[in-house]
Structures are given as structure tokens and as C-alpha cells.
Amino acid sequence: EAGVAQSPRYKIIEKRQSVAFWCNPISGHATLYWYQQILGQGPKLLIQFQNNGVVDDSQLPKDRFSAERLKGVDSTLKIQPAKLEDSAVYLCASSLVGGGIETQYFGPGTRLLVL
Amino acid sequence: AQKVTQAQTEISVVEKEDVTLDCVYETRDTTYYLFWYKQPPSGELVFLIRRNSFDEQNEISGRYSWNFQKSTSSFNFTITASQVVDSAVYFCALNPSGSARQLTFGSGTQLTVLP
């Protein structure tokens, strides 16, 4: 079974530029998550989708971050404009249904460096 | 609010030694789930185990074992006869089954196994 796919794996941009990350979850997984992992810390949830609807985006900095999952499968996370403090690894995860008891499976992440 | 504490930031052991990674959690929920993930240098979070709050049986899987003690709110992870390939960052995480269904991660423990 294919795992969670993410691209690109690495991205270097200058501050104030925009960037987009893509995620394709495990086939059949209804719930998709985006996490931000700053160096030396555990992942922090940014947004959770159930199919193509948003379940939780309370920790998403909506002034600069946006995410969509239009057809309920793959998803895009965008940052515009980027700040230095956005340098982190962006992890995508998926689970079968969602709801607290589901195991989340993670992709390899996208390492973003903002200069 | 949920909180997961991994007090050990870094641990170094010599190959074949046993090592225990500590995890202490806080939650007001009576039903919750605890997880351990491994993050090797490649960056992908690898699921190791899920345990629900009603099941306090210890679990053993090969060289890995987990000790869940609800009385002390701890979910410790032991690697027996460690190997160099065990070198990674290990995260403990908590997911309550209440309305706030976020996966809360600890800050991780960097384990280095020396040959």
C-alpha cells in the first residue's frame, strides 16, 4: 500500500515570497492533516480536513496560510507571504476516518527554509 | 487542555544496551489514546504503537515494549538490546476522544545508539 506522498521535499525561498506544498494521502483515507514541525519541537496541527471540509483550522495563521482539499483527495497548503519564522518541516498525515481514535500516517514532509 | 512531556531531550547509549524513553501526559478526558512515533533522519514519522486509556496491559513487540501506567499518567517506551538503526527522534503523542481531537505531541527525545 502506498504511503502519504508529499512534494516538494525541500524548498528554499526568500521572505515575502509565496510557496505551495502538495500532499496525496493514503488511498481511501477520508481525513487529512497538515502539521508544522519547527526544529527541536514536536509537530503542531495546522489544519484538519474530513473529505473536502475543514474540521479544525484553529491554529492556522489565516492571514498568510491557506489550505484546500477540493475533491476530497489531495491537498495543497500555501504560504503567502512567507516569514522567516515559517522555516520548518511541513508534514501531511492521513487517517481512515478521523475522530480521535484513528492512527495517523505521515508523509516524508517538506523542509522549508525562508531566507 | 492536553499536554505531553518528554523530559529527556537527548539520550546516548552504546549498542546492545537497553534504553527507556519517558512520557508523561496531562488530560482531563477519561477516554484518550496514546501513541509513539519514530522520526528517523529521513524525516518521516513512523507509527509504532497506539494504546487506549482503558487498556493498561503492557505490550511487547520484538525489542520494543511499552509500560502504560494510568495512575502516574505515564506511557514509557523501552528498547531492549538497542541497535544503531534505532537512532532517531521518538515522539509520544496524546489524542483525546472528546471534541478537541487534536494529536498533541511531546517535544521528542533524540536517541543516539553508538556502535
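Residues numbered from 1 in each chain as written. Chains lettered and ligands numbered in written order. Predicted model: local features only at pLDDT ≥ 70, side-chain atom pairs only at ≥ 80, totals over all residues. Heavy atoms only, no water.

This part is about the overall build of chain B. Tallying secondary structure elements over chain B gives zero helices and twelve strands in all. Each helix (α) and strand (β) of chain B, taken in turn from the N terminus, gives the series β-β-β-β-β-β-β-β-β-β-β-β. Computed over the C-alpha atoms, the radius of gyration of chain B is 14 Å, within 12% of the 13 Å expected from 2.2 N^0.38 for a compact globule of 115 residues. On the principal axes, the C-alpha backbone points of chain B span a range of 45 × 25 × 20 Å. Looking at chain B as shown, the accessible area adds up to about 5,600 Å², and 47% of this sits on carbon and sulfur atoms. (Helix = DSSP H or I, 4+ residues; strand = E, 2+ residues; numbered from the N terminus. Rg over C-alpha atoms; globule rule 2.2 N^0.38 Å. Areas by Shrake-Rupley, 256 points an atom, 1.4 Å probe, with all protein chains shown as cover.)

Residues and elements named next belong to chain A. All told, the structure shown has two disulfides over all chains when counted by the stated rule. With its sulfur 1.9 Å from that of its partner, Cys-23 forms a disulfide with Cys-92. Measuring the twist about the S-S bond at about -70°, one finds the Cys-23-Cys-92 disulfide to be left-handed. Here Cys-23, found in strand S3 (residues 19-24), pairs with Cys-92, found in strand S9 (residues 88-95); they are 69 residues apart in sequence, far enough to count as distant. (Disulfide = S-S within 2.5 Å.)

So, on to the packing of aromatic side chains. The description of two aromatic rings rests on the distance between their centres and on the angle between their planes. Taken as a whole and assessed by the stated rule, the structure comprises 21 aromatic pairs over all chains. Ring geometry for Phe106(A) against Phe105(B): centres 6.1 Å apart, planes inclined by 75°, an arrangement best described as edge-to-face. Residue Phe106(A) is located in strand S10 (residues 105-106), and its partner Phe105(B) is located in strand S11 (residues 104-105); the two belong to separate chains. Ring geometry for Phe91(B) and Phe105(B): centres 6.1 Å apart, planes at 90°, overall edge-to-face. With a gap of 14 residues between them, Phe91(B) in strand S10 (residues 88-96) and Phe105(B) in strand S11 connect regions that are remote in the sequence. Assigned by exposure class, Phe91(B) and Phe105(B) land together as buried. One aromatic cluster is present, built from ring pairs that chain together Tyr33(A), Tyr35(A), Tyr105(A), Phe106(A), Phe35(B), Tyr37(B), Phe47(B), Phe91(B) and Phe105(B). (Phe/Tyr/Trp six-rings, centres within 6.5 Å; stacked < 30°, edge-to-face > 60°. Buried < 20%, exposed > 50% of the residue type's maximum accessible area, 1.4 Å probe, protein only.)

Let us now look at the pairing of strand S2 (residues 10-14) of chain B. All names here are of chain B. Burial along S2 is one-sided: the face carrying Ile-11 and Val-13 is buried and the face carrying Glu-10, Ser-12 and Val-14 is not. As judged from the five bridges shared by S2 and strand S12 (residues 109-114), these two strands associate in the parallel manner. The residue bridging Glu-10 from the neighbouring strand is Gln-110, located in S12. (Pairing = 2+ DSSP bridges.)

What the rule picks out here adds up to five salt bridges over all chains. Notably, a salt bridge pairs Lys62(A) with Asp57(A), separated by 3.7 Å at the nearest N-O pair. Residue class for Asp57(A) comes out partly exposed when judged on its relative accessible area of 25%. We note a salt bridge from Arg64(A) to Asp86(A), for which the minimum N-O separation is 2.5 Å. Remark: Asp86(A) occurs in the loop between strand S8 (75-79) and S9 and Arg64(A) occurs in the loop between strand S6 (53-56) and strand S7 (65-68); sequence separation between them is 22 residues. Take Arg64(A) and Asp86(A): they sit in the same class, and that class is buried. Overlapping salt bridges, with partners in common, bring together Arg51(B), Asp55(B) and Glu59(B) in one network. (Salt bridge = Lys/Arg side-chain N within 4 Å of Asp/Glu carboxyl O.)

Attention now goes to the side chain of Gln6(A). All names here are of chain A. Tracing the sequence through the fold places Gln-6 in strand S1 (residues 5-7). Separated by 3.0 Å, the side chain of Gln-6 and the backbone nitrogen of Cys-92 make a polar contact. There is a polar contact of 3.0 Å between the side chain of Gln-6 and the backbone nitrogen of Gly-109. The contacts of Gln-6, once residues within four sequence positions are left out, are Trp-22, Cys-23, Trp-34, Tyr-90, Leu-91, Cys-92, Gly-107, Pro-108, Gly-109 and Thr-110. (Polar contact = N/O pair within 3.5 Å; in protein donor to acceptor, adjacent residues only side chain to side chain. Contact = heavy atoms within 4.5 Å.)

Let us now look at the sheet that holds S1(A). Residues and elements named next belong to chain A. Within the open sheet, the four strands sit side by side as S1-S3-S8-S7. Their pairing is antiparallel. Strands with a single pairing partner mark the edges of an open sheet, and in this sheet they are S1 and S7. Between one strand axis and the next, the sheet turns by 15° as a mean value, whatever way the strands run. In this sheet, S3 lies alongside S1 in antiparallel orientation, the contact comprising three bridges. Of the residues in S3, the one forming a bridge with Ala-5 is Asn-24. (Axes fitted to C-alpha atoms, helices over the stretch in contact; angles between N-to-C directions.)

So far we have only geometry, and geometry alone does not tell us how the molecule works.
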